[in-house]
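# Descriptive structure summary
Okay, here's what each chain looks like letter by letter:
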Amino acid sequence: MAKKAINPTKSLKIPQIIIISAKICAFISTKLVTKFAARLFTSPIKHKVPKREFEMDRKSTQKNVYIPEIDKSIVTYEYGNTNRKILLVHGWSGRGTQLFKIADELLLNGYSTVSFDAPAHGKSEGKTTIMSEFIASILEIEKQFGPFEIAIGHSLGGMSVLNAIKDRLEVNKAVIIGSGDIVEDILDEFIFKLGLKKEISNNLRNLFEEKYHVKMDDFSAYSAAQKIEIPVLVIHDNNDPEVPVKAGIHIHENLQNGYLFLTEGLGHRKILGNQNVIKKILEFIKIN
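Residues numbered from 1 in each chain as written. Predicted model: local features only at pLDDT ≥ 70, side-chain atom pairs only at ≥ 80, totals over all residues. Heavy atoms only, no water.

## Remarks on the environment of Pro44
Within the secondary structure, Pro44 sits in the loop between α2 (30-41) and α3 (54-59). Separated by 195 residues in sequence, Pro44 and Asn239 place their C-alpha atoms 23 Å apart. Not counting residues up to four positions away in its chain, the partners in contact with Pro44 are Trp92, Ser93, Ala120, His121, Lys127, Thr128 and Thr129. (Helix = DSSP H or I, 4+ residues; strand = E, 2+ residues; numbered from the N terminus. Contact = heavy atoms within 4.5 Å.)

In structure tokens form, the structure reads like this:
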């Protein structure tokens, strides 16, 4: 695929062939289009590791770790060898090395990091996954590699970090970057981009709840935020085209001990390598 210039004002678009396929499925039957949408929604894209991440990939100690709760294995990355550990969690279609600039700065400041390729991401096995599997992975990694002082998550990784803390991940502080918020809104936006009727979003939610034995709204970030007492830094870009800034603001409003840092013109991914963002993270971590 040809490389496109980063434009933080434009959201990623679903290919037209997929939209057409979805509409054909919808014409045939509601059940068929719901299954089609569910497969798309749970299938991340495995991107090739870019050169900028090679150093972290090469210098990390990598292991295959089994996650009993979901009966899947994932690949973990230990970067650095100090006892002051920070957990890094990538977002949808990301990788364990995606937050490499943050990891490099943390190493320079005396920390080491542990990250991972979530199920069906990067070097980990599988083709489909869902947020509950991100959370299960985080909690198992804590058992095997923890304790962690801080957890940092991007996008879906931010939602997963908040939910993991709600489920007793023990960290002193957390940082979430470009995090999604309300699960129903995420499903609605996905179905809208497919050009389908809103009722399919409801069907999709029901399918997931039946298959995974969970209530989807229980995973909404703002809901988890209400139960979290530790300090949490929420970072979001005003021009994020994939996750609207209102998500970050709403999460912050529901935190008991939250800090909000809004940026301009960095979009959804460029924000991860911005020096002002990294400086803010380091300042937050070092505050007593």
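## Some words on the packing of α2 against helix α7 (residues 183-193)
At a closest axis distance of 11 Å, the pairing of α2 and α7 adopts a crossing angle of 110°. Considering the angle they form, α2 stands roughly perpendicular to α7. The chirality of how α2 crosses α7 is right-handed. Where α2 approaches α7, its residues Ala37, Leu40 and Phe41 are matched on the opposing element by Ile186, Leu187, Phe190 and Ile191. A breakdown of the residues in the contact of α2 with α7 according to their chemical character gives 7 nonpolar, no polar and no charged. (Axes fitted to C-alpha atoms, helices over the stretch in contact; angles between N-to-C directions. Parallel < 35°, antiparallel > 145°, perpendicular 65-115°, else oblique. Left-handed = near helix turned anticlockwise from the far one by under 90°. Nonpolar A, V, L, I, M, F, W, Y, C, P; charged D, E, K, R; others polar.)

## Comments concerning helix α5 (residues 131-145)
Spanning 15 residues, α5 covers 21 Å between terminal C-alpha atoms, matching the ideal 21 Å at 1.5 Å per step. Of all 15 residues in α5, 12 are buried; the element is thus mostly enclosed. Those residues of α5 not exposed but buried are Met131, Glu133, Phe134, Ile135, Ala136, Ser137, Ile138, Leu139, Glu140, Ile141, Glu142 and Phe145. Against the buried residues of α5 lie β1 (61-67), β2 (72-79), β3 (85-89), β4 (112-117), α6 (156-166) and α7. (Expected span 1.5 Å × (residues − 1). Buried < 20%, exposed > 50% of the residue type's maximum accessible area, 1.4 Å probe, protein only.)

## Looking at unusual backbone geometry
For residues other than glycine, phi is negative in most cases, and the peptide bonds are mostly trans. Following Gly146, the chain continues into Pro147 via a peptide bond in cis, with omega recorded as 5°. Even without a glycine there, the phi angle at Asp71 is positive, about 55°. Mapped onto the elements of the fold, Asp71 is located in the loop between β1 and β2. Judged by its relative accessible area of 56%, Asp71 is exposed.

## With respect to the packing of helix α4 (residues 100-108) against helix α11 (residues 275-286)
Running from N to C, α4 and α11 cross one another at 45°; their axes reach a closest spacing of 10 Å. What the angle tells us is that α4 and α11 run oblique. The two elements α4 and α11 cross, and the hand of that crossing is right-handed. In this structure, α4 uses Lys101, Ile102, Glu105 and Leu106 to contact α11, whose residues at the interface are Gln275, Ile278, Ile281, Leu282 and Ile285. Broken down by class, the residue content of the contact of α4 with α11 amounts to 6 nonpolar, 1 polar and 2 charged.

## Things to note about the packing of aromatic side chains
Applying the stated rule across the entire model yields 4 aromatic pairs. Geometrically, the ring pair formed by Phe41 and Phe190 is edge-to-face, given 5.1 Å between the ring centres and 70° between the ring planes. Pair noted here: Phe41 is in helix α2 and Phe190 is in helix α7, with a separation of 149 residues, a long-range link. Summarising the aromatic geometry, the rings of Tyr259 and Phe284 are spaced 5.6 Å apart at their centres and angled 65° between planes, so their arrangement reads as edge-to-face. With Tyr259 in strand β8 (residues 258-263) and Phe284 in helix α11, the pair connects residues that are 25 residues apart, well separated along the chain. (Phe/Tyr/Trp six-rings, centres within 6.5 Å; stacked < 30°, edge-to-face > 60°.)

## What about the sheet that holds strand β6 (residues 173-177)?
Read from one edge to the other, the open sheet built from 8 strands follows the order β1-β2-β4-β3-β5-β6-β7-β8, with strand pairing classed as mixed. The open sheet terminates on both sides in strands that have one partner only, identified here as β1 and β8. With strand direction ignored, the average angle separating the axes of adjacent strands in the sheet is 20°. By the bridge criterion, 5 bridges tie β2 to β4 in an arrangement that is antiparallel. The partner of Tyr77 across the bridge, within β4, is Ser115. (Pairing = 2+ DSSP bridges.)

## Some words on a nonpolar patch on the surface
Taken together, the side chains of Ile20, Ile24, Phe27, Ile28 and Leu32 make up a nonpolar region of the molecular surface, amounting to roughly 540 Å² of accessible area. Ranked by the residues each element gives to the nonpolar patch, the list is headed by helix α1 (residues 16-28), at 4 residues. By relative accessible area, Ile28 is classed as exposed at 57%. (Patch = residues over 30% accessible without salt bridge, like charges linked within 9 Å, V, L, I, M, F, W, Y side chains within 5 Å. Areas by Shrake-Rupley, 256 points an atom, 1.4 Å probe, with all protein chains shown as cover. Salt bridge = Lys/Arg side-chain N within 4 Å of Asp/Glu carboxyl O.)

## Thoughts on the pattern of salt bridges
This structure, assessed with the given rule, holds 12 salt bridges. Among the ionic pairs, Glu53 bridges to Arg95, the shortest N-O distance being 2.6 Å. Within this pair, whereas Glu53 is found in the loop between α2 and α3, its partner Arg95 is found in the loop between β3 and α4, the two being separated by 42 residues in sequence. Note on accessibility: Glu53 and Arg95 belong to one class, buried. Glu55 is the partner of Lys59 in a salt bridge, and the nearest nitrogen-oxygen pair spans 2.7 Å. One end of the pair is Lys59 and the other is Glu55, both in helix α3 and 4 residues apart, which spans about a single turn. Judged by its relative accessible area of 36%, Glu55 falls in the partly exposed class. Among the charged side chains, a salt-bridge network with shared partners connects Glu184, Asp188 and Lys198.

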